[in-house]
Structures are given as structure tokens and as C-alpha cells.
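A look at the structure
Listed below, chain by chain, are the residues.
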Amino acid sequence: MYQNCCKKCGSTSLHTEIKGNNTGLYCDDCGAWIKWVSKDELRAFEHSKKENGINRIEPDSKDMITRLKEFAEYLDKVIDKEYENMPLSPEDAIRRSSYCLALERDKNAILNILDGKDFNYVGA
Ligand SMILES: [Zn+2]
């Protein structure tokens, strides 16, 4: 079993930090290093955090890149959806094209950033 309190200050509020190839258990309150944890211990630790309703680290959680990619895909879908329907009026057609242009710019900016370029990069 993992140790669930800090020897130094007695706090039971702990967190894990990844240091190189190891995962350490640290005290939230005084910052003391408690021990290195094995994969099994880490799992037990995460499990107990979840049971306590605290979830600081979600090992399977998506990273920011994945979230941004999903957002870019979402923008693409919103644009497609706009073009599915016939405009209600000439004004609506203008509204739609400005709206979609803005979405398209946002999408391209995100894709540029993900690509390691400036948001306003325009391909040659
Ligand atoms: Zn402590």
C-alpha cells in the first residue's frame, strides 16, 4: 500500500509529480518528498483520490494538443453545418459567409499553432 500521510507534517493531502522516469509522492502542505511510487502504487493512489472525490491527475486525460485538434474539427463541423442549409435571405447569406469566414480563420489559426507556426501564417 502507498503511504497516505506526510511524516513531516502529518498531512494526508498528497500529490504525485513525475521526475524523469520516476513518479514521486509529495506533500501538498509542506512540499516534502515522501517516496517514489511504483506503477501499481500510483494506480492505488489515483484510485483513492477518485474515491475521495479529488482527481488532481487523470493519467488518461487528453493533452492540450488533442483538445485543440478536437476544437479545430468541431469548428470544421460547424462550418459544414452552416452550409448545409440554404440561406433564408440575402442578409442571411451575408451573415453566414462572415460567420464562416471567422470560424475558418479561427480554425486555421489553431492548425497553424499546432503546426508550430504563427497563428496568421499563410502557406506559400
Ligand atoms: Zn507535509
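Quick caveat: nothing in here was measured; it's all calculated off a predicted structure.

Taken as a whole, the protein chain shows an average pLDDT of 85; of its residues, 88% reach a score of 70 or greater. Mean pLDDT values over the elements of the protein chain span from 79, in helix α1 (residues 39-51), up to 94, in helix α3 (residues 90-114).

Now for the pattern of salt bridges. Tallied over the entire structure, the rule returns eight salt bridges. One salt bridge connects Lys 107 with Asp 76, and the closest N-O pair in it is separated by 2.9 Å. In this pair, Lys 107 is assigned in helix α3 and Asp 76 in helix α2 (residues 64-84), connecting sequence segments 31 residues apart. Here the residues in one salt-bridge network are Asp 76, Glu 104 and Lys 107, joined through shared partners.

Moving on to the coordination of the zinc ion. Around the zinc ion, the protein supplies Cys 6 (SG), Cys 9 (SG), Cys 27 (SG) and Cys 30 (SG) as donor atoms, at distances of 2.3 to 2.4 Å. On the primary sequence, the residues serving as donors to the zinc ion are separated as C-x2-C-x17-C-x2-C. You can see Cys 9 sitting in the segment before β1 (14-19) and its partner Cys 30 sitting in the loop between β2 (22-27) and β3 (33-37), a full 21 residues away along the chain.

Let us look at the pairing of β2. Regular strands place their side chains on alternate faces of the sheet. Judged by how many residues are buried, β2 sits mostly within the fold: five of six residues are covered. For β1 and β2, the ladder comprises six bridges, and the chain directions are antiparallel. Within β2, the position partnered with His 15 by the bridge is Tyr 26. Between β1 and β2, which pair antiparallel and follow one another directly, the connecting turn spans two residues, one of which, Gly 20, has a positive phi of 60 degrees. Bridge count for β2 against β3 is four bridges, and the pairing is antiparallel. What sits directly across from Leu 25, in β3, is Lys 35. Hairpin connection of β2 to β3: five residues between the antiparallel strands, including Gly 31 at a positive phi of 80 degrees.

Looking now at α1. Between its first and last C-alpha, α1 extends 18 Å over 13 residues, near the 18 Å set by a 1.5 Å rise per residue. Of the surrounding secondary structure, the elements contacted by the buried residues of α1 are β1, β2 and β3.

What counts and what doesn't
- Residues numbered from 1 in each chain as written.
- Predicted model: local features only at pLDDT ≥ 70, side-chain atom pairs only at ≥ 80, totals over all residues.
- Heavy atoms only, no water.
- pLDDT = per-residue confidence, 0-100.
- Helix = DSSP H or I, 4+ residues; strand = E, 2+ residues; numbered from the N terminus.
- Salt bridge = Lys/Arg side-chain N within 4 Å of Asp/Glu carboxyl O.
- Donors = N, O, S within 2.8 Å, 3.2 Å for Na, K, Ca; no water.
- Buried < 20%, exposed > 50% of the residue type's maximum accessible area, 1.4 Å probe, protein only.
- Pairing = 2+ DSSP bridges.
- Expected span 1.5 Å × (residues − 1).
- Contact = heavy atoms within 4.5 Å.

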